4 protein chains.
Amino acid sequence: MNITNKYKQVRQDTINFCSHLQVEDYSIQVVQFASPPKWHLAHTTWFFETFILKNQFENYKEFSPDFNFLFNSYYNNVGTRILQTNRGNMSRPSTDEILEYRTYVDTKMLELLEKENDPKILDLVVLGLNHEQQHQELLITDVKYMLGHNPIFPVFNENYNLVADTNSESNSIKIEAGMYEIGYQGTDFCYDNELGVHKVYVADFEINNFLVTNGDHIDFIEKGGYTDFNLWLDEGWSWVNSNQIIAPLYWHKIEGEWYNYTLAGLQKVDVNAVLSHINYFEANAFAEWKCMRLPTEFEWEIAAAKLDWGKRWEWTNSAYLAYPNFKKENGAVGEYNGKFMSNKMVLRGASVATSKEHSRPTYRNFFNPTERWQFTGIRLAK
Amino acid sequence: MNITNKYKQVRQDTINFCSHLQVEDYSIQVVQFASPPKWHLAHTTWFFETFILKNQFENYKEFSPDFNFLFNSYYNNVGTRILQTNRGNMSRPSTDEILEYRTYVDTKMLELLEKENDPKILDLVVLGLNHEQQHQELLITDVKYMLGHNPIFPVFNENYNLVADTNSESNSIKIEAGMYEIGYQGTDFCYDNELGVHKVYVADFEINNFLVTNGDHIDFIEKGGYTDFNLWLDEGWSWVNSNQIIAPLYWHKIEGEWYNYTLAGLQKVDVNAVLSHINYFEANAFAEWKCMRLPTEFEWEIAAAKLDWGKRWEWTNSAYLAYPNFKKENGAVGEYNGKFMSNKMVLRGASVATSKEHSRPTYRNFFNPTERWQFTGIRLAK
Amino acid sequence: MNITNKYKQVRQDTINFCSHLQVEDYSIQVVQFASPPKWHLAHTTWFFETFILKNQFENYKEFSPDFNFLFNSYYNNVGTRILQTNRGNMSRPSTDEILEYRTYVDTKMLELLEKENDPKILDLVVLGLNHEQQHQELLITDVKYMLGHNPIFPVFNENYNLVADTNSESNSIKIEAGMYEIGYQGTDFCYDNELGVHKVYVADFEINNFLVTNGDHIDFIEKGGYTDFNLWLDEGWSWVNSNQIIAPLYWHKIEGEWYNYTLAGLQKVDVNAVLSHINYFEANAFAEWKCMRLPTEFEWEIAAAKLDWGKRWEWTNSAYLAYPNFKKENGAVGEYNGKFMSNKMVLRGASVATSKEHSRPTYRNFFNPTERWQFTGIRLAK
Amino acid sequence: MNITNKYKQVRQDTINFCSHLQVEDYSIQVVQFASPPKWHLAHTTWFFETFILKNQFENYKEFSPDFNFLFNSYYNNVGTRILQTNRGNMSRPSTDEILEYRTYVDTKMLELLEKENDPKILDLVVLGLNHEQQHQELLITDVKYMLGHNPIFPVFNENYNLVADTNSESNSIKIEAGMYEIGYQGTDFCYDNELGVHKVYVADFEINNFLVTNGDHIDFIEKGGYTDFNLWLDEGWSWVNSNQIIAPLYWHKIEGEWYNYTLAGLQKVDVNAVLSHINYFEANAFAEWKCMRLPTEFEWEIAAAKLDWGKRWEWTNSAYLAYPNFKKENGAVGEYNGKFMSNKMVLRGASVATSKEHSRPTYRNFFNPTERWQFTGIRLAK
C-alpha cells in the first residue's frame, strides 16, 4: 500500500471505531491514565500538524492556536502541556470542532504526500501513523474503562466482545541454550527502543505455546491465590490489600457466578477463553502458584517464531530498560520511548485491540506493574 | 399562576438555560462539589417521579429502573446512591435519554396536576419546584465553574455576564436594640429551616445599604490583604496558603490588569461592579480590614425591609444551625435541610442566578466557609 | 494565694503530672492534633519568656535562640513557627534541656514577680498561667492518646483512671423564658471570648441534671445507633463511614465485652460511669435518637447555677463565634482565641483533667465536631 | 574469627554506634521508610529469638509475648506485623527494656553457640548476623535522616562526617566483549539473590575508575541540570517538580554557599569529596548530561576486580530482578529478598556505612529509584 493510501486507511480506522460512540462519550475522563476519546482524536492529529505540517508548509496556518497547548501529551520540547489529569475538564472544543481539525489536517497532509519524497519526512509520516495506531489501541481500552465503570454497563457494540478468543495450541516448546540476536533487523518501521541489535546469551528454557485461561484463573481464585501472600511480590501484596482485589479487572461475582464487562456488555465469564485484564503482579503470582515463571523478553523474542501469539499482551519478567547502544533522536520525537524507562515491565506480543500490521516479534510494549486496563495475559515458562 | 402553569414554567426555565450548552457540556464534572448539567436535569425529574408519581399512580411504571440509583443525590432513605464524585463518569445515559425522561415525567405530572387537589400532594409539588429552582442556580454556577476552568475560556452566552450589577444605594441604616421575631410567618412556601418563628434580642447595630465592590477588593488586594495573617481566621489563613489564593475565584491578572471569567467570556474586572465569588474567610478578612464585621443572620433579617438586597448571596456571621423548635419531616423529605447543620455559614439575600420568586427575607442559604463558586458578596455592619 | 505562689504551684503541677512519663514518651507525636509532652513543657515556658521576660528585662539573654522557632505554636506575630506536624521529629533538644529551660525561665520569672506591680504585666502572668493550665489538660489528653494507640496499652499510672465518675443527680431542671445576661461579669481572670456581656432572649427549656452514661451509650450502639443514617448529620455520617466508627474513642470489643483504654490501662467499660470521648456528631446523633437535643451554650450558662457540672466537657449546639462587642487585643496575645472562630462547636463545663480553679460557668471551650480525644460528654435538653 | 566471637562482635557494633544517641532519639520515626533506632535494636534481636531460639530450645520462654507483634518487619509468615508507619508511635517498650531484651537473647544465643554444630542452625546464625549488619547501615542512615531533618541540625558525633572521602583513581577501564559468569561462587555467606551463577554475554564497554564528586555535581546544578527535562526520565521529572528538588538530599544553600548536613553537623560541601545522597533519577540525569550512562550490574561485577570501589553504593542501570534459577527458601527466611523484585534498581559496591566484611563484588543492594537517604553515588560508563 502506498503512503497516501496507508495514511487514509489509518486515519479512517480511528473514525470507524468511534462510529459506535455517543457524543457524550467523547469528553469523559474517568481515571488519570485514560484519556477522553476526543483527546485521542485531536492528539494524533496534532502530531502531524506539529511535527510535519508546521515545518513543511511555509506560512502554514495552524487550525487553532489553543490546540498545541491542549493536545500535546508529554512532549516537553513542544511547549507547555495541559496536565494529564485535566483532560477530562474540557467539554470544549466540541467533538465537531475536533473532527473539523482532523479534516483540515488530513487535507493538508494529503496535499503534502502527493508530492513529498524526502525520506526523512516520509519516515515522520510513518511514525505518525504508528503513533495513531498505538492511540487506536488506547482508545479502545480507554472507552472500555469508561463504559465498564459506568454503573449501567452500557453496550458499546454487541458484536465486539474482544475477550472471547481461546488457545489454538496446548503444547510447550523447548529452546536450547545459546547466543541469540535481539532487536529489530528489518527495513520496515520500528521504534527506537527495538534498535541496537545485540547478542544475548540465554540458558535452556521451556515455554508454553498457550496462554492461561479464565478457567485456570478461577481455579487460582478459588484456591486462595489472592489471599496467600507467599505468592505475591511485596508491592503486589500491598496493591491487592489496599485495593481489595479479588479478581481481574471487569470481573463481577453475581449470585455466585463470574461475569465480566466486555464492549458487548456484561457477560458470563467463558472458562475456555484466554484470561485478560490482569497486571504484572497478578501474572507473577499466578506463575508462582504454578511453580513456574514468566519468560524474559529475550526468551519470548527467541521463541516467538515457534509460538502461537497475538491477541493478548503478555507480561514478561523483564524491566523496560534501554538496549545497549540505545539512541534517542534529538528533540521532541526523541521523547517517544526512552523517557519511560523506569518502573515499567515489558509486554510482548499483541492484543486483540492492536492494529494488525503494528505487531512484530521485536515490539516492546511497557506498562506499570499495577496496570490492567490493557488486554493483557499470561504465558508461563520454566 | 396556577400550579399547572407554574409547573410548566419552572420546568421550562431549566431547559431554557440549557439551550446554550453543547452536548459535551452535559456530562462533565470538573470538581466534586459541582454536578454535570445532565445530572441536574435528571435529578430534579427524579424528585417528582420518586416522591410523587410512584406514590400517586397505581402501577406507575418508572422510566428506567437504573435512574433511582443514578440520580438520587443524598436521600439515604431512598436507596443506595451513586457516590457524588462518580457523577462525572457517566457518559451514558445520553442527554437525549434524560430529556425523554423529563418529557415522560412531565406528561405524568401534568396528568396528575389536572385532577389532584390533596394539599399534601400539592405541597410536595411546590417543594419539587422549589427544589428545581435551587438546582437551576446550581446549574448556572456549575456550568460557570466548568467553563471557567477550561483553559480556552469558552463564551457560554455573550449576553449573560451576571457580574455586572452595581450598587444603587450608598448609605447605611441604623437599627435599634430590641426584641424581634425571626423566621417565616407567611402562608406561601418556605423551607423547614425557616420555620419555628422565635424571638431574638438584638443590640443596636448599623448596617451598610451597599455591598463591597470590585474596586474595594482590589484595594484590599493591593494593600496586602491576602498576605496579612492578622486579618484571617486560622482556617482561612491555611486555606489561603495551601491554595496560594491571591484574588477571588475566576480572577486572572494579565499584563498588570485584572480580568475575570464570566459566562460571557473573559472580561476586564469592572471596578464599580459588586464583588462576587469570595468565600466566608475572604469576607471575614475584608471586614476585619475595614474594622467592621459581617452582620449576623438575625440582624440581616431584621434590617432586610429597609435594605436594597438581591443579586449576591451575602455571607453572614452566623453558623447554620437549627432554630429553636426546628422539626424535620419524617422520611426522605426530612433529609432536605437539617442534616447539613454543621460547619456551614448562613448566607442571606439572593443572587443574580436565583429564581426571582424564590428569594425572601427569611431564606437561609448555607455553604462551607471555603466555597466561592456561588455568586457571593459582602455587606458590612458594626 | 499570691501571684508568686500561684506561679510556683501551676508550674509544679505540670512537672508533677510528668513524673509518670518515661523519657521516650516526651518526644513522640502520634497524630497531628496532639503535641509531644516535651513540646508542651517548652511552649508554656516560651510564653513567659517571649511575652514577659524579653520585654521586662533589659538585655534579657534568651535561653536558646532556636527555641523561639521551635516552641511558638500559632502566634504568627512572633515569627516563623515550626509546622505543627513536624513537632514529632524533634528528638533534640533533649528533655533535660527543656527542663533546664523551665528552671532558667522560672528563676527569672520569680525574680520579676518579687518586685513587679504593674497590673498589665501581672495580667500577662495570669494569662500565662491560665495558658499553662490549658496545656496541662492537653498534656493529659495527648499522653492518653499516645499510650492508648500503643498496641501494648501501657499503664501510665494505675491510680489515674479518669473515666470512673458517675452521676450524682438524676432529675431535670426547667428554666423559664426570658431575657438573660451572658458573659463573664466578675473581676478575676477570664478569656477575651467570654467578655462582651450581652443580653439574650431564651425560650422555655428543660435540661437534664445528669450526663449520658456508658450504659446508655451501649444501648445506643446495640440498637443500631452507628448504622442509622437518619440520626446523623451529613458530615457525621461521612465521618462514621470513612473511619468505620462503631464506638467511642478508646473502646475495644474483646470477646463480646466492651473495654476501654484508661490511663490506668485497659479496663472493662463501667456501665454506670459517665460516657466520655465522643465527638459532636456522636453527641448529636445520640440526642436525636433520644428525641431530645443538645442545649445551646446560652441555655447551659443560664442553667449552670442549678446544675451539677464538671468532670466532662459537654458539647453544646452552639457554634463557636464572637460575642457582640468581642474585641481582640493587639498583637500576638490577641491571636489567642478569635482566630479559631470557624467550624468549631462550643463545649461548656470542665473535665476531670481541667485545672480546678480554671473552670467557670462562662468558660467557652471549643473543638472541631470530629474531635474526641478530650474528656467529652453529653447532657440532653428539650 | 569463630562464630561465638563473631556473634559478640556484630552485636556489640550495633551498641557502639548507639552510644552517641540520646534516649529521645531511640523512638522517633520521621518518615515511613526509616525506622526508630529502638526498633532496629529490637528487630535484629527478634530475628535470633524467632528463627533460632524458639526452635532450638525446648520450652524456650520468650522475653515478651508482645515483641513478636511489635518487632516483626515484613515476614508475613511469622504472624501479624505492626504497620511500618506506626513504628514511631511506640514510646514504650522503653529503650532499657529493649536493651534487656538484647541481653536476654544474647545470653541464650551464646549458650546455644557453645554447643551447636548443626550447619543448618549455624547458617541461620550467620544469616542473622548479616541481617544485623544490614540494619547497622540502616540505623546509621535513619539516624542521619532524623537528625538531618531536625531544624537545629544536631551534631551526632563530631568525628563522624562520613561524606569526606575522595577519589584515589582518575583513569577509566576498558573491558572486552565476551561471555562472563555472574553470581556468587565462593563458600562463605551470601544472599539467595546472588546465587544461580549464570553466563552473560556483555559487549565492549569502558567504565570510570572514579566516582562523580560534589564539584562535578555543583557544575551540573549550575548548568541547569535540575531544570532541563531532556535529561530526566519521565518519572524523575515528576519527582523533581512535585518535590521541588534543586540539589542532593541534605544540601542547603546558605548565603550563596552550599552546605550539607553530616553526622558531624552542618558543614560546607567539599567539592573534592565524592558525591552522596542522590537517587537513581539524579544519577541517570547526570549521566545523560555527560553523554554517558550508568553501568549495568553485570558490567559492574565484571569490572569490579579492576576497580577501586567501596564507600558509596553505586546506582546501576539494572532493575532488581531474579537471576535465572533463583530459588527462594521455604517459609519466612525465603521472604528475605525475592519479594522486593519490582520497581527497584540495583546498587553495587558498598558505602562508608556498610559493615566491612559485608561487602563483596556479587552483592546486590536495591532501592526505589526515588530514594536517596543511603550513601549513594555515581560511576559512569559508556
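Residues numbered from 1 in each chain as written. Chains lettered and ligands numbered in written order. Predicted model: local features only at pLDDT ≥ 70, side-chain atom pairs only at ≥ 80, totals over all residues. Heavy atoms only, no water.

Going by the annotation in an unreviewed UniProt entry, the name recorded for chain A is Sulfatase maturase, with Flavobacterium faecale given as the source organism.

**Q** How do you make sense of the overall build of chain A when you look at a structure like this?
**A** Secondary structure assignment for chain A yields nine helices and 11 strands. Its C-alpha atoms give chain A a radius of gyration of 21 Å, near enough to 21 Å, the size a compact globule of 382 residues would have. The principal-axis extent of the C-alpha atoms belonging to chain A is close to 65 × 55 × 35 Å. With 382 residues in all, chain A has 60% of them scored as buried. Residue pairs at least 24 apart in sequence account for 77% of intrachain contacts in chain A once pairs closer than 6 positions are excluded. Separation between the mean location of the 35 positive side-chain charges and that of the 49 negative ones in chain A comes to 2 Å. (Helix = DSSP H or I, 4+ residues; strand = E, 2+ residues; numbered from the N terminus. Rg over C-alpha atoms; globule rule 2.2 N^0.38 Å. Buried < 20%, exposed > 50% of the residue type's maximum accessible area, 1.4 Å probe, protein only. Contact = heavy atoms within 4.5 Å. Lys, Arg positive; Asp, Glu negative; His and termini not counted. Charge placed at Lys NZ, Arg CZ, Asp CG, Glu CD.)

**Q** What am I meant to see in the sheet that holds strand E8 (residues 312–319) of chain D here?
**A** Paired through their backbone hydrogen bonds, the strands of a sheet run either parallel or antiparallel. Residues and elements named next belong to chain D. In spatial order, the strands read E10-E9-E8-E11; together these four strands make up an open sheet with mixed pairing. In this open sheet, the two strands that pair with only one neighbour each are strand E10 (365–367) and strand E11 (376–377). By the bridge criterion, five bridges tie E8 to strand E9 (residues 345–350) in an arrangement that is antiparallel. Considered in E9, the bridge of Ala319 is made with Met345. Packed on one face of the sheet, helix H8 (residues 280–289) meets E8 and E9 and runs near 80 degrees to E8. (Pairing = 2+ DSSP bridges. Axes fitted to C-alpha atoms, helices over the stretch in contact; angles between N-to-C directions.)

**Q** Could you clarify how one ought to interpret the interface of chain C and chain B in this entry?
**A** Many authors give the size of an interface as the accessible area that is lost as the parts come together. The interface of chain C with chain B comprises 31 residues on the first partner and 31 residues on the second. A buried area of about 2,600 Å², summed over both sides, lies between chain C and chain B, and 51% of it is on carbon and sulfur atoms. The three residues of chain C that bury the most area against chain B are Tyr201(C), Asp234(C) and Asn343(C), which together make up 21% of that side's buried surface. Between the two partners, chain C and chain B, sit four salt bridges. Between Lys344(B) and Glu235(C) there is a salt bridge, with its nearest N and O atoms 3.4 Å apart. At the boundary of chain C with chain B, the tally comes to 12 residue pairs in polar contact (both at pLDDT 80 or more). Of all the elements in the fold, those that place two or more residues in the side of chain C that touches chain B are strand E3 (198–202), helix H7 (234–242), helix H8 (280–289) and strand E8 (312–319) of chain C. Of the residues in the side of chain C that touches chain B, the class split is 14 nonpolar, nine polar and eight charged. (Buried area = accessible area lost by both parts, 1.4 Å probe. Salt bridge = Lys/Arg side-chain N within 4 Å of Asp/Glu carboxyl O. Polar contact = N/O pair within 3.5 Å; in protein donor to acceptor, adjacent residues only side chain to side chain. Nonpolar A, V, L, I, M, F, W, Y, C, P; charged D, E, K, R; others polar.)

**Q** I would appreciate a short explanation of the sheet that holds strand E10 (residues 365–367) of chain B in the present structure.
**A** Residue and element names in this part refer to chain B. Across the sheet, which stays open at both edges, the four strands sit in the order E10-E9-E8-E11 with mixed pairing between neighbours. Of all strands in the sheet, those bounded by a partner on one side alone are E10 and strand E11 (376–377). Looking at chain direction, strand E9 (residues 345–350) and E10 are connected through three bridges and run antiparallel. Across the sheet, residue Met345 finds its bridge partner in E10, namely Phe367. Contacts between helix H8 (residues 280–289) and the sheet are confined to strand E8 (312–319) and E9, with E8 contributing the most and set at about 80 degrees to the helix.

**Q** Help me understand the arrangement of the chains in this model?
**A** Taking C-alpha atoms only, the smallest gap left between chain A and chain C, which are not in contact, amounts to 14 Å. There is a gap between chain B and chain D: no contact, and a shortest C-alpha distance of 14 Å.

**Q** Could you clarify how one ought to interpret the relation of the copies chain B and chain A in this entry?
**A** One copy of the chain maps onto the other through a rotation about an axis plus a displacement along that axis. Of the two same-sequence chains, chain B is brought onto chain A (RMSD 0.0 Å, axial shift 0.0 Å) by a rotation of 180 degrees. Put plainly, the chains are arranged around a two-fold axis. Measuring from the rotation axis to each C-alpha of chain B, the shortest distance belongs to Glu24(B), at 2.6 Å. The residues that chain B uses at the interface reappear at the interface of chain A in 100% of cases, marking a shared surface. (Least-squares fit on C-alpha atoms with pLDDT ≥ 70 in both.)

**Q** Would you take a moment to explain helix H1 (residues 3–18) of chain B for this structure?
**A** Three- or four-residue spacings in an α-helix give side chains the same orientation, since the helix completes a turn every 3.6 residues. All names here are of chain B. Spanning 16 residues, H1 covers 23 Å between terminal C-alpha atoms, matching the ideal 22 Å at 1.5 Å per step. Those residues of H1 not exposed but buried are Thr4, Lys6, Tyr7, Val10, Arg11, Thr14, Phe17 and Cys18. Where H1 begins, the capping side chain belongs to Asn2, and its oxygen is found 3.1 Å from the backbone nitrogen of Thr4. (Expected span 1.5 Å × (residues − 1).)

**Q** Help me out: how do you make sense of the interface of chain B and chain A in this one?
**A** Counting residues at the interface gives 31 residues for chain B and 31 residues for chain A. Counting the surface lost from both chain B and chain A, the interface buries some 2,400 Å², and carbon and sulfur atoms represent 56% of this. For the chain B face of the interface with chain A, the top three residues by lost area are Glu24(B), Asn89(B) and Arg92(B), together amounting to 32%. The interface formed by chain B and chain A holds two salt bridges in total. At the junction of chain B with chain A, the criterion picks out eight residue pairs in polar contact (both at pLDDT 80 or more). Broken down by secondary-structure element, the contributors of at least two residues to the side of chain B that touches chain A are helix H3 (67–71), helix H4 (95–115) and helix H5 (119–148) of chain B. Residue composition of the side of chain B that touches chain A, grouped by class: 15 nonpolar, 10 polar and six charged.

**Q** Is there a simple way to explain the environment of Asp192(B) in this structure?
**A** Residues and elements named next belong to chain B. With respect to the element layout, Asp192 can be found in the loop between strand E2 (178–182) and strand E3 (198–202). Expressed as a C-alpha distance, the spacing of Asp192 and Tyr180, which sit 12 residues apart in the sequence, is 20 Å. Discounting chain neighbours no more than four positions away, the residues touching Asp192 are Phe326, Lys327 and Asn337.

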